[in-house]
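# Observations on the three-dimensional arrangement
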Amino acid sequence: MKRWPCLGIAIISLLIGACSPSGEGSMADLVIRNARVLTVDSNFAEAEAVAIRDGVFIEVGDNETVQNLIGEQTRVIDAGGKTVVPGLIESHVHAQSVVQREYATPHPFEQLGSIADMQRWLRTEVEKTPQDQWIQLPRVDVTRIKEGRIPNRADLDEAAPDHPALFIWQFASRQVQVLNTAAMEAAGITKNTPVQEGGEIVLDENGEPTGVLENCSELTSSYLIARTIPDQVYLDDLEQLLNSYNEVGITSIGERHSNPSGYHNYEKLKEEGRLTTRVTVTLGLSSDGTVEGTEKAIRALSIEPDEGDDWVRTGPLKLRVDGGILYGSAFMREPYGSKALSFYGFDNPEHRGELLIDQEKLNNMIHTGHRMGWQMSAHITGDAGVDAVLNAVEASQEILPDQDLRFTLIHGYFVNRETARRIAGLGVGVDTQPAWYYKDGDALSNVLVPDRMNEFIGLQEWVRSGARVAINSDHMYGFDPNSSLNPYNPFLTMYTAISRKTEGGKVINPGQKVSREDALRMMTIDAAWLNFDEPRTGSIEVGKLGDLAILTDDLLSCDEEQIKNIRSLLTVVGGHVVYEKEL
């Protein structure tokens, strides 16, 4: 499963170092000098200048050294003392879904933070929507609603008395829909309407529908208009989003749940010369949980492990093992408690969330993937769910003791010392999202018990254990780096890891803060390690791919509150400037 033979990289580096400039062909394509270069190498060394030729770093040193590599065709950039960092790796986004969702509805995504915001938005839509056409509100998680609840029928009726309108709240196996009166009437839903198994029309104390439907998507799906994005528009919009990533210093992304078609769409952008961001594509895997069924599902992908190149590459296969903490469906060791049950709308005092794949099936699926040559990963948020996944990884490693499996835990939100040490010992990597702490920590701290919040996205515990962790956004709705559902501004991500402040300014368990250097590692070299890419990217070293960003402020010394406002002034991928503002 190791991607890059270290011997080969060493030889390339030696050859580059051995060549002395002897003509224009040996000159650099791009030189950046007068900079504070944070190399993020093993010593976290600093340099003054870098030179790039044919897409890779050929010199990292001082101004005098790179001067010998400047020829007539070399572009020279004077950084004016500004900080240069390795190209940032956003290891968890859903860029393809962002593009599809943005086109599917007649309005751009907007982050709504209160019932009043939703009503304002709905009134605006009512003014421009035919009366018989249904209006669906944008996704808003209950943790981000000021009132601490989702809208009810009366809220929607007040803003849209005559137009059918609904709000959908969904994750994993649970879907909650809230319909206004006009929607209930348009769909002909009454207390006697039949529903599929597991579905419920929620009734009030008088036995009448409240407007809330649980797991009844079949009652409304035919009324919702979803536009299908044309192929060319899809590629154009995907290119635009990747350019937006470049604008904040991102040079590589992990497309965290896709399929072979999605992989080939990125290849098409590359072939057309429109790909400005390196992409590692995670492929979703579902099967019946048997060895035979998993083998069949993997073969049906018709794509190979490690297929691709430096620009587009297949990454791990991904399983969904539990739900999410924002929805009360993360699979936890202990019951959620009374406050959380009320907040999430559950009535079972023993509720611990949901495990979507039992232990035997997990063992089968994870080991079968490993045996067939794939790196594996799992969406898993709760601590009990992590236990189950690690049991399966451990069982697989006992059979394949000589393989570097690098299993990836995606989310792993509740960390404790025992789990962190186990993860480090198994060589498992972690892919987690500090911005969820930033956006949702205030609400969760009011409903989860203190011990649970102390562990929530506990980055310092990973560091102490020696586990490799990549921090990222899980970007899934909206194009803007700061107002998307999960903001993909990497400096907000690092700010949260460093300050451990919520959006409301609360610091929960300050012992989980990490240093600025560690935060940068988590978005560069450690993120590269997650996908076996650390010999080629993640740091500024001779022989590695020429990816970097020049920043507006010095990440290591600026005021802590300024970190989230840092931007890229110039972003370089493979020696090509893909984004530039005046230095």
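Below or above, wherever it landed, is the structure these notes cover. (Residues numbered from 1 in each chain as written. Predicted model: local features only at pLDDT ≥ 70, side-chain atom pairs only at ≥ 80, totals over all residues. Heavy atoms only, no water.)

### Focus: the overall build of the protein chain
Our working definition: Numbering of helices and strands starts at the N terminus; helices are DSSP runs of H or I of at least 4 residues and strands are runs of E of at least 2. Just to be clear, the radius of gyration here is over C-alpha atoms, and the globule rule we use is 2.2 Å times residues to the power 0.38. The buried label goes to any residue with under 20% of its type's maximum accessible area, the exposed label to any with over 50%, and the partly exposed label to all in between, with areas taken from a 1.4 Å probe on protein chains only. Throughout, a residue-residue contact means that at least one pair of heavy atoms, one from each residue, lies within 4.5 Å. Only the protein chains shown count as covering a residue, and every accessible area follows the Shrake-Rupley method with a 1.4 Å probe. His residues and chain termini do not enter the charge count, which takes Lys and Arg as positive and Asp and Glu as negative. Where a charge lies is defined by one atom per residue type, namely NZ (Lys), CZ (Arg), CG (Asp) and CD (Glu).
Across its full length, the protein chain holds 19 helices and 23 strands. Computed over the C-alpha atoms, the radius of gyration of the protein chain is 25 Å, within 12% of the 25 Å expected from 2.2 N^0.38 for a compact globule of 583 residues. Seen along its three principal axes, the alpha-carbon backbone of the protein chain occupies a region of about 90 × 55 × 45 Å. Looking at the protein chain residue by residue over its 583 residues, the buried ones come to 58%. Taking all contacts inside the protein chain whose residues are at least 6 apart in sequence as the whole, residues at least 24 apart take part in 72%. When the accessible surface of the protein chain is split by element, carbon and sulfur atoms take 47% of a total near 22,700 Å². Taking the 53 positively charged and 86 negatively charged side chains of the protein chain as two groups, their mean positions are separated by 3 Å.

### Details of the pairing of strand β5 (residues 56–61)
Our working definition: Strand pairing is assigned whenever DSSP identifies at least 2 bridges connecting the two strands.
Both strand β4 (residues 49–53) and β5 contribute to a ladder of five bridges, which runs antiparallel. Each bridged residue has a counterpart across the sheet, and for Ala-51 the counterpart in β5 is Glu-59. What sits between β4 and β5 in their antiparallel hairpin is a turn of two residues, with Asp-54 showing a positive phi close to 50 degrees.

### Quick notes on the packing of aromatic side chains
Put simply, the test is: When the centres of two rings from Phe, Tyr and Trp lie within 6.5 Å, Trp using its six-membered ring, the rings pair. Their planes under 30 degrees apart give stacked, over 60 give edge-to-face, and anything left gives tilted. Any Lys NZ or Arg CZ that is within 6 Å of a ring centre and within 35 degrees of that ring's normal is treated as a charge sitting over the ring.
The tally for this structure, following the rule as stated, stands at eleven aromatic pairs. Aromatic pair Tyr-438 and Tyr-495: ring centres 6.4 Å apart, planes at 80 degrees, arrangement edge-to-face. With Tyr-438 in helix α14 (residues 434–445) and Tyr-495 in helix α17 (residues 490–499), the pair connects residues that are 57 residues apart, well separated along the chain. Each member of the pair, Tyr-438 as well as Tyr-495, is classed as buried. The ring centre of Tyr-336 lies 5.8 Å from the NZ or CZ of Arg-452, which sits over that ring.

### Description of the environment of Asn-489
The criterion, for reference: Polar contact is the term for a pair of N or O atoms within 3.5 Å; when the atoms are in protein, one must be able to donate a hydrogen and the other to accept it, and sequence-neighboring residues count only if both atoms are side-chain atoms.
Structurally, Asn-489 can be placed in the loop between β20 (468–471) and α17. Taking C-alpha positions, Asn-489 is 37 Å from Ser-26, a pair spaced 463 residues apart along the chain. Non-local contacts of Asn-489, meaning those with residues more than four positions away in its chain, are made with Pro-481, Asn-482, Lys-564, Ile-566 and Arg-567. Within polar-contact distance, the side chain of Asn-489 engages the backbone nitrogen of Phe-491 at 2.9 Å. Polar side-chain contacts of Asn-489 include one of 3.0 Å to the backbone oxygen of Lys-564.

### Notes on the layout of surface pockets
This is how it is decided: A cavity here means a set of points on a 1 Å grid, drawn over the protein atoms and nothing else, where a 1.4 Å probe fits but cannot get out; a pocket is an open set with protein on both sides within 12 Å along at least five of seven lines, and a residue lines either one if it has an atom within 4 Å of a point. Grid points are joined across faces, edges and corners, and a volume is the space filled by probe spheres set on the points. Only Asp, Glu, Lys and Arg are considered charged, only Ala, Val, Leu, Ile, Met, Phe, Trp, Tyr, Cys and Pro nonpolar, and every remaining residue, Gly among them, polar.
Taken as a whole, the largest pocket encloses approximately 1,000 Å³ of empty space. Looking at the largest pocket, it is lined by 41 residues, and the ones nearest its centre are Arg-101, Gln-136, Arg-139, Gln-170 and Tyr-477. For the lining of the largest pocket, the secondary structure elements donating two or more residues are α3 (95–104), β10 (165–171), β11 (174–179) and β16 (312–320). Considered class by class, the residues forming the lining of the largest pocket number 17 nonpolar, 18 polar and six charged.

### Structural notes on unusual backbone geometry
Peptide bonds are, in most cases, trans, and in most cases residues other than glycine have a negative phi. Positive phi outside glycine occurs at Asn-34, with the angle close to 55 degrees. Among the structural elements, Asn-34 can be located in the loop between β1 (30–33) and β2 (36–38). The backbone of Asp-474 shows a phi angle near 60 degrees, a positive value even though the residue is not glycine. Relative to the helices and strands, Asp-474 resides in the loop between β20 and α17.

### Some words on the sheet that holds strand β23 (residues 576–580)
Read from one edge of the open sheet, six strands run β3-β2-β7-β21-β22-β23, paired in mixed fashion. The sheet is open, and its two edges are formed by β3 (46–47) and β23, each paired on a single side. The pairing of strand β22 (residues 568–573) with β23 spans four bridges and is antiparallel. For Thr-571, the partnering residue across the bridge sits in β23 and is Tyr-579.

In short, geometric facts, not functional conclusions.
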